[in-house]
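These are the residues of each chain, in order.
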Amino acid sequence: MTTLTDLSLLRPTPSLFPYLSKPTQRLHIRRSLKLRCSIAEESTISPSKPNPNLDGGGSVTADCVVVGGGISGLCIAQALVTKHRDAAPNVIVTEAKDRVGGNIITVQRDGFLWEEGPNSFQPSDPMLTMVVDSGLKDDLVLGDPNAPRFVLWGGKLRPVPSKPTDLPVFDLMSIGGKIRAGLGAAGIRPPPPDHEESVEEFVRRNLGDEVFERLIEPFCSGVYAGDPSKLSMKAAFGKVWKLEQNGGSIIGGTFKAIQEKNKAPKQPRDPRLPKPMGQTVGSFRKGLTMLPEAISQRLGSKVKLSWKLSGITKSDNGAYTLTYETPEGLISIQSKSVVMTIPSHVASSLLRPLSVGAADALSQFYYPPVAAVSISYPKEAIRTECLIDGELKGFGQLHPRSQGVETLGTIYSSSLFPNRAPAGRVLLLNYIGGSTNPGILSKKESEIVEAVDRDLRKMLINPKAKEPSILGVRVWPQAIPQFLVGHLDLLDTAKSSLQGNGLQGLFLGGNYVAGVALGRCVENAYEVAADVSNFLSQYAYK
């Protein structure tokens, strides 16, 4: 039980929706709610570096072209530059928008600072390496590892256990539910079936109904905005799935993993990296947008903005030709390798002329809609029973679908990181929509805000409190890729189809490959960069 809950809510998970896709922006002003729909291009903290001047009709050569200037693409490029410069001395990143960062959108206004895409990351060593290499070590901010996390159950926000000693006393589960979870984790449960299990099937079988309904279901809603009856356990939570496969049970697999780790040679840790205390999440002094902007500044002229890829072909000599529509006219790039970090459905259209099989597989990944709603209340609007030492403390809260609320979860932004709201105000970031509620696309922003405010007054905000100040409402029509049953098979089909069509040197990256967490996208960036480097090393001897 410990490991599975560790991956859900024992670890802080306010980073509910890492790395989203292109938003829809509609403005419906309701004066009583002070609605202000944020527009990233006008509100981001600092502008991106402009493209260098290029003559129309020009041609450029490169060792690797990274298509997409979101966090995955930028980090792959930086990993190539910092770790594999000899193999890939000439790297180019192309971005169709006029700014880097993709869907990392930080907005600062009227004393508030909030995120409208990803909102935090877990400070793993690969993530911290990227931070340090980007020159942002001194701008790193970390949440309080002791801050509580909550799940709504039975009309009350109940704390989630954060350490083993909490397990006997926390009231989110019954005694019977805890015993069932412990026995199942030890291996007293039905054996695995012959088919690929959904998250719901795996958790109910191993840990019982209560763990699923009160911990894992809200976690899936919060992280994936997904339906756990359709999400693949193997694809979405592969580390936990492997514990049972390798050790016969979750606890058996945990002990085996610990033994293997203790036997393996210990690699020295990079002394430049900060040492986070406990399990926490991170951001930056002026928000997450600092990371892509810092990487872009370091890459300099390697980053090409407002470059829209219109076609890609492969020559007989093995090189790829990418044709772009740019402000300077049509420009072609000849490159030995290509990494596609754009959303799968966009990559599908571009790759169809090269590989129908890959295109068909990539077109099948599902991205449900999600809305991010940033609102503020005065401190006195918080219910007394929700305060700790007179303050709203904690990472945030998650809401099971069975509890009669529409909002997926709420992050206590002003409690999580410093300087996010003026004195006397509480800043809350709320998410609504997802696989089980795609109807939000038909709602006005004012209707979405009303739903969020109505939900919060059921458990966190005093019912008679004044209406909130609305800072931003951002609707993402295609938000988070769903790692559904069969996801890994589709991904393997796409990759093998590229290989089968002779497209060696063309790599897939991004959150539908790596995982939806921002930190996982960064970790995967190092993996992809190593694959590109290995390919280019072989390319040199052809």
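Residues numbered from 1 in each chain as written. Predicted model: local features only at pLDDT ≥ 70, side-chain atom pairs only at ≥ 80, totals over all residues. Heavy atoms only, no water.

Keep this limit in mind: UniProt positions are given in the numbering used here, feature names are shortened, and annotations may be inferred rather than shown by experiment.
The chain has the name Protoporphyrinogen oxidase in an unreviewed UniProt entry, where Dipteronia dyeriana is given as its organism. Per UniProt, the comment on the chain under Catalytic activity (unreviewed entry) is "protoporphyrinogen IX + 3 O2 = protoporphyrin IX + 3 H2O2". Quoted straight from UniProt, the Sequence similarities (unreviewed entry) entry for the chain says "Belongs to the protoporphyrinogen/coproporphyrinogen oxidase family. Protoporphyrinogen oxidase subfamily."

Points about the overall build of the chain
Under the convention used in this document: Numbered from the N terminus, helices here are DSSP runs of H or I no shorter than four residues, and strands are runs of E no shorter than two. Between buried and exposed lies partly exposed: a residue is buried under 20% and exposed over 50% of the maximum accessible area for its type, with that area taken using a 1.4 Å probe on protein chains only. Any two residues whose heavy atoms approach within 4.5 Å at even a single point are treated as in contact. Every accessible area reported is derived by Shrake-Rupley at a probe size of 1.4 Å, with residue values counting cover from the shown protein chains alone.
From N to C terminus, the chain includes 18 helices and 18 strands. Out of the 542 residues in the chain, the part that is buried amounts to 58%. Look at the contacts in the chain between residues 6 or more apart in sequence, and 77% of them connect residues 24 or more apart. For the chain, the accessible surface area stands at approximately 21900 Å², while carbon and sulfur atoms represent 52% of it.

Points about empty space enclosed by the protein
Cut-off, in case you're wondering: Points on a 1 Å grid, built from protein atoms alone, make a cavity when a 1.4 Å probe fits but cannot get out and make a pocket when they are open with protein on both sides within 12 Å along at least 5 of 7 lines; residues with an atom within 4 Å of a point are the lining residues. Grid points are joined across faces, edges and corners, and a volume is the space filled by probe spheres set on the points. Residue type decides the class: Asp, Glu, Lys and Arg count as charged, Ala, Val, Leu, Ile, Met, Phe, Trp, Tyr, Cys and Pro as nonpolar, and the leftover types, Gly among them, as polar.
What the rule picks out here adds up to 2 cavities of 30 Å³ or more. The space that makes up the largest cavity amounts to roughly 90 Å³. Elements represented by at least two residues in the lining of the largest cavity include exactly strand 4 (112–115) and helix 14 (413–416). For the lining of the largest cavity, the element with the most residues is strand 4, which contributes 3 residues. Tallied by class, residues from the lining of the largest cavity come to 6 nonpolar, 2 polar and 2 charged.

Quick look at the environment of Glu 325
Mapped onto the fold, Glu 325 is located in strand 11 (residues 320–326). For Glu 325, a relative accessible area of 43% corresponds to the partly exposed category. For the pair Glu 325 and Ala 96, spaced 229 residues apart in sequence, the C-alpha to C-alpha distance is 8.9 Å. In this view, Glu 325 contacts Ser 306, Trp 307, Lys 308, Ser 310 and Leu 330; residues no more than four positions away in its chain are not counted.

Quick word on the pairing of strand 16 (residues 425–433)
Our working definition: Two strands qualify as a pair provided that DSSP identifies no fewer than 2 bridges between them.
Of all 9 residues in strand 16, 8 are buried, a share of seventy percent or more. Where strand 15 (residues 407–412) and strand 16 come together, 5 bridges link them in antiparallel fashion. Bridge pairing in strand 16 places Ile 411 opposite Leu 429.

Observations regarding the nonpolar core
To keep things clear, this is the line we draw: For this analysis, a nonpolar core means a set of buried residues of the types Ala, Val, Leu, Ile, Met, Phe, Trp, Tyr and Cys, connected via side-chain atoms within 4.5 Å.
In terms of nonpolar packing, the biggest core is built from 54 residues, with Val 199, Val 203, Val 211, Ile 216, Tyr 224 and Phe 237 touching the most fellow members. Sort the elements by how many residues they give to this core and helix 7 (residues 209–223) lands first, with 7 residues. Apart from the residues within four sequence positions on either side, Val 211 is in contact with Met 173, Ala 181, Val 203 and Ile 216. Leu 74, Val 81, Ile 295 and Val 528 belong to the second-largest nonpolar core, a separate cluster that totals 45 residues.

Some words on the sheet that holds strand 7 (residues 156–159)
To keep it simple, the criterion reads: Axis lines are fitted to C-alpha atoms, over the contacting stretch for helices. Their N-to-C directions set the angle, which ranges from 0 to 180 degrees.
Taken in spatial order, the 7 strands make up an open sheet running 7-6-14-15-16-13-17, and their pairing is mixed. Whereas interior strands pair on both sides, the edge strands pair on one side only; in this sheet they are strand 7 and strand 17 (469–476). Recorded for the sheet is a direction-independent mean angle of 25 degrees between the axes of neighbouring strands. In the sheet, strand 13 (residues 370–378) pairs with strand 16 via 9 bridges, with the strands oriented antiparallel. When the bridges of strand 16 are listed, Ala 372 appears paired with Tyr 431. In the packing of helix 7 onto the sheet, contacts are made with strand 6 (149–153), strand 14 (396–398) and strand 15, and the angle to strand 6 comes to roughly 110 degrees. Along the sheet, helix 15 (residues 445–456) makes contact with strand 13, strand 14, strand 15, strand 16 and strand 17, crossing strand 13 at roughly 60 degrees.

Looking at the packing of helix 9 (residues 238–247) against helix 10 (residues 250–263)
Stated formally: Should an angle fall under 35 degrees it is taken as roughly parallel, and over 145 as roughly antiparallel, whereas 65 to 115 is taken as roughly perpendicular and any remaining angle as oblique.
At a minimum axis separation of 7 Å, helix 9 and helix 10 run at an interaxial angle of 85 degrees. With respect to helix 10, the element helix 9 is oriented roughly perpendicular. In contact with Leu 243, Asn 246 and Gly 247 of helix 9, helix 10 contributes Ile 250, Gly 252, Gly 253, Thr 254 and Lys 256. Classifying every residue of the contact of helix 9 with helix 10 by side-chain character gives 2 nonpolar, 5 polar and 1 charged.

Description of the packing of aromatic side chains
To be explicit about the condition: Pairing of aromatic rings covers Phe, Tyr and Trp, the last through its six-membered ring, and needs centres within 6.5 Å; plane angles under 30 degrees mean stacked, over 60 mean edge-to-face, and all others mean tilted. By definition here, charges over rings are those cases where NZ of Lys or CZ of Arg is within 6 Å of the ring centre and within 35 degrees of the ring normal.
The full count for this structure, using the stated rule, is 7 aromatic pairs. Geometrically, the ring pair formed by Phe 121 and Phe 284 is tilted, given 5.6 Å between the ring centres and 45 degrees between the ring planes. Linking Phe 121 in the loop between strand 4 and helix 4 (125–133) with Phe 284 in strand 8 (residues 282–284), this pair joins segments that are 163 residues apart in sequence. For the pair Phe 121 and Phe 284, a shared accessibility class is recorded, and that class is buried. Among the aromatic residues, ring-to-ring pairing joins Phe 219, Tyr 224, Phe 237 and Phe 483 into one connected group. Between the NZ or CZ atom of Lys 178 and the centre of the ring of Phe 170, over which it lies, the distance is 4.6 Å.

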